[in-house]
Amino acid sequence: MNNRLHDLSIDENILCAIEDKNDNDVNEMENGKAPLSNNDKKDDTKLMCQFFNDIDSIKEDIKTIKSSTKRIGEINEESILATESETEAKLSRQLDSIIKHSNKSAKAAKNKLASIEKKTTELKSKNIFSPSDMRVRENLYNTLTRKFIHEMK
């Protein structure tokens, strides 16, 4: 199933707040807890929205790395077939530019993944989120880490 929430023209923070409010109330009632105060809900919502923004950013970085890897392969094939030194120099400049850009994206994704791991561990130890929210955070982190490692190979 495709996630089409981003197609809506609603402000992202409002959308996150609506989803989190409904999820938190149901989870808290099921666990026999009193619903969180509005300030606690706002903090949870803010943290989860930031988390999902980071996830989207990492996905974009991985997408950039994937397209750069494909383009690097194409340039390598072109350089093997090149017969003129001018063409080889042009391809070399393109290759350098693409490699610098993909390295920048890889570094950003790696730093964001490390930040998410650290924040998730910290939040888990403090029991701030419901178990389902923690599973979401951990599963998304693990999935994106695997995708990142796969693309970097």
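Residues numbered from 1 in each chain as written. Predicted model: local features only at pLDDT ≥ 70, side-chain atom pairs only at ≥ 80, totals over all residues. Heavy atoms only, no water.

### Overview of the pattern of salt bridges
- Evaluation of the coordinates by the stated rule reveals six salt bridges.
- Arg71 serves as the salt-bridge partner of Glu74, at 3.2 Å between the closest nitrogen and oxygen. Here Glu74 and its partner Arg71 are both found in helix 2 (residues 38-81), three residues apart, which amounts to about one turn of the helix.
- For Arg71, a relative accessible area of 27% corresponds to the partly exposed category.
- One salt-bridge network, held together by shared partners, links Arg71, Glu74 and Glu78. (Salt bridge = Lys/Arg side-chain N within 4 Å of Asp/Glu carboxyl O. Helix = DSSP H or I, 4+ residues; strand = E, 2+ residues; numbered from the N terminus. Buried < 20%, exposed > 50% of the residue type's maximum accessible area, 1.4 Å probe, protein only.)

### Here we look at helix 3 (residues 85-126)
- Taking 1.5 Å per residue, 42 residues should reach 62 Å; helix 3 reaches 61 Å between its end C-alpha atoms and fits that length.
- Where helix 3 is concerned, the buried positions are Leu91, Leu95, Ile98, Ser102, Ser105, Ala106, Ala109, Leu113, Ile116, Thr120 and Leu123.
- Looking one or two residues past helix 3, Asn127 carries a phi angle of roughly 55°, positive in sign. (Expected span 1.5 Å × (residues − 1).)

### A word on unusual backbone geometry
- Phi is positive for Asn127, close to 55°, though the residue is something other than glycine.
- Among the secondary structure elements, Asn127 is positioned in the loop between helix 3 and helix 4 (131-152).

### What about the nonpolar core?
- Judged by nonpolar contacts, the single largest core of 16 residues is most densely connected at Ile58, Leu113, Ile116, Leu144 and Phe148.
- Going through the elements one at a time, helix 2, helix 3 and helix 4 are the ones with two or more residues in this core.
- Looking at this core, the element that brings in the most residues is helix 2, giving six residues.
- Dropping the residues within four chain positions of it, Ile58 is found in contact with Ala109, Lys112, Leu113, Ile116 and Leu144.
- Judged by nonpolar contacts, the second largest core, of five residues, contains Ile75, Leu91, Leu95 and Ile98. (Core = buried A, V, L, I, M, F, W, Y, C linked by side-chain atoms within 4.5 Å. Contact = heavy atoms within 4.5 Å.)

### What about the confidence of the model for the chain?
- Confidence along the chain averages 81 in pLDDT terms, with 73% of residues attaining 70 or more.
- Taken as a whole, residues 20-38 scores under 50 in pLDDT and shows 16 contacts with residues more than four places along the chain or in a different chain. (pLDDT = per-residue confidence, 0-100.)

### A few points about the side chain of Ser68
- Along the polypeptide, Ser68 turns up in helix 2.
- Discounting residues that sit within four places of it in the chain, Ser68 has contacts with Ile98 and Ser102.

### Some details on the packing of helix 3 against helix 4
- Their axes nearest at 10 Å, the elements helix 3 and helix 4 cross at an angle of 155°. Between helix 3 and helix 4, the crossing angle belongs to the class labelled roughly antiparallel. When the axes of helix 3 and helix 4 are compared, the crossing they make is left-handed. For the pair helix 3 and helix 4, the contacting residues are Ala106, Ala109, Lys110, Leu113, Ile116, Glu117, Lys119, Thr120, Leu123 and Lys124 in the first and Met134, Arg137, Glu138, Tyr141, Leu144, Thr145, Phe148 and Met152 in the second.
- Here the residues of the contact of helix 3 with helix 4 sort into ten nonpolar, two polar and six charged. (Axes fitted to C-alpha atoms, helices over the stretch in contact; angles between N-to-C directions. Parallel < 35°, antiparallel > 145°, perpendicular 65-115°, else oblique. Left-handed = near helix turned anticlockwise from the far one by under 90°. Nonpolar A, V, L, I, M, F, W, Y, C, P; charged D, E, K, R; others polar.)

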